[in-house]
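Structural overview for review
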Amino acid sequence: MASEVSFDVVSKLDRQEIDNALNQATKELSQRFDFKGTGATITWSGKQGVEVRANSEERVKAALEVFKEKLIKRGVSLKVLDTDNEPKSSGKEYRLGVPLKEGISAEDGKKLSKIIRDEGPKGVKAQIQGDELRVSSKKRDDLQAVISLLKEKDLDIALQFINYR
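First, a word on what this report is: a plain description of the structure on this page.

Cut-off values and rules
- Residues numbered from 1 in each chain as written.
- Predicted model: local features only at pLDDT ≥ 70, side-chain atom pairs only at ≥ 80, totals over all residues.
- Heavy atoms only, no water.
- Pairing = 2+ DSSP bridges.
- Helix = DSSP H or I, 4+ residues; strand = E, 2+ residues; numbered from the N terminus.
- Axes fitted to C-alpha atoms, helices over the stretch in contact; angles between N-to-C directions.
- Contact = heavy atoms within 4.5 Å.
- Phe/Tyr/Trp six-rings, centres within 6.5 Å; stacked < 30°, edge-to-face > 60°.
- Buried < 20%, exposed > 50% of the residue type's maximum accessible area, 1.4 Å probe, protein only.
- Lys NZ or Arg CZ within 6 Å of the ring centre and 35° of its normal.

The strand order across the open sheet formed by four strands is 2-3-5-4, and the pairing between neighbours is antiparallel. Either end of the sheet is taken by a strand with one partner, and the two such strands are strand 2 (41-44) and strand 4 (88-90). Pairs of neighbouring strands in the sheet enclose a mean axial angle of 30°, with direction left out of account. As paired strands, strand 2 and strand 3 (residues 49-54) are joined by four bridges and run antiparallel to one another. When the bridges of strand 3 are listed, threonine 41 appears paired with arginine 53. Along the sheet, helix 1 (residues 15-31) contacts strand 2 and strand 3; its crossing angle with strand 2, the most-contacted strand, is approximately 155°. Along the sheet, helix 2 (residues 57-73) makes contact with strand 2, strand 3 and strand 5 (93-99), crossing strand 3 at roughly 135°.

Attention now goes to the packing of aromatic side chains. Two aromatic rings, taken as a pair, are described by how far apart their centres are and by the angle between their planes. Scanning the model with the defined rule gives two aromatic pairs in all. Centroid distance phenylalanine 7 to phenylalanine 161: 5.9 Å. Interplanar angle 75°. Geometry classified as edge-to-face. Taken together, the residues phenylalanine 7 in strand 1 (residues 5-10) and phenylalanine 161 in strand 8 (residues 160-162) connect sequence positions 154 residues apart. For phenylalanine 161, a relative accessible area of 25% gives the class partly exposed. Judged by centre distance (6.2 Å) and plane angle (25°), the rings of phenylalanine 7 and tyrosine 164 are stacked. Pair noted here: phenylalanine 7 is in strand 1 and tyrosine 164 is in the segment after strand 8, with a separation of 157 residues, a long-range link. A network of ring pairs unites the aromatic residues Phe7, Phe161 and Tyr164 as a single cluster. Taking the ring centre of phenylalanine 35 as reference, the NZ or CZ of arginine 59 above it sits at 4.9 Å.

Okay, here's the thing in structure tokens:
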């Protein structure tokens, strides 16, 4: 009898790559002519976010775009950024807090399970385990099909596939 093979679907942040992108963006902001005198900075805001500051709303948004470019160059998905909010004014400075999304929420886990159940090959099982999703099957080809299926879906979370056994 064939044993089951499985893999885990996770959404994890590569903090080192994000930190490298943040440092590169900070360096570019300090050197670019259009950011001179704007006080534009990007810094860590705790472990789960970054904060962008500048003297105008447009400069905050432009500094965020520089950070996004650096993330893309370093191979980090922009889906880890939660950029729904607008810059807030505090005196002469505008601030924008950008939380970083990590882990698969229970709601997203259910959504992924439903996609796998409805559109994936028969005989594939998906189980939610904390902030991960374990996908198992008797055939490796079915698991490859599930990975392809999830990669082509336009989801609002960055997915990685690990522990393929």
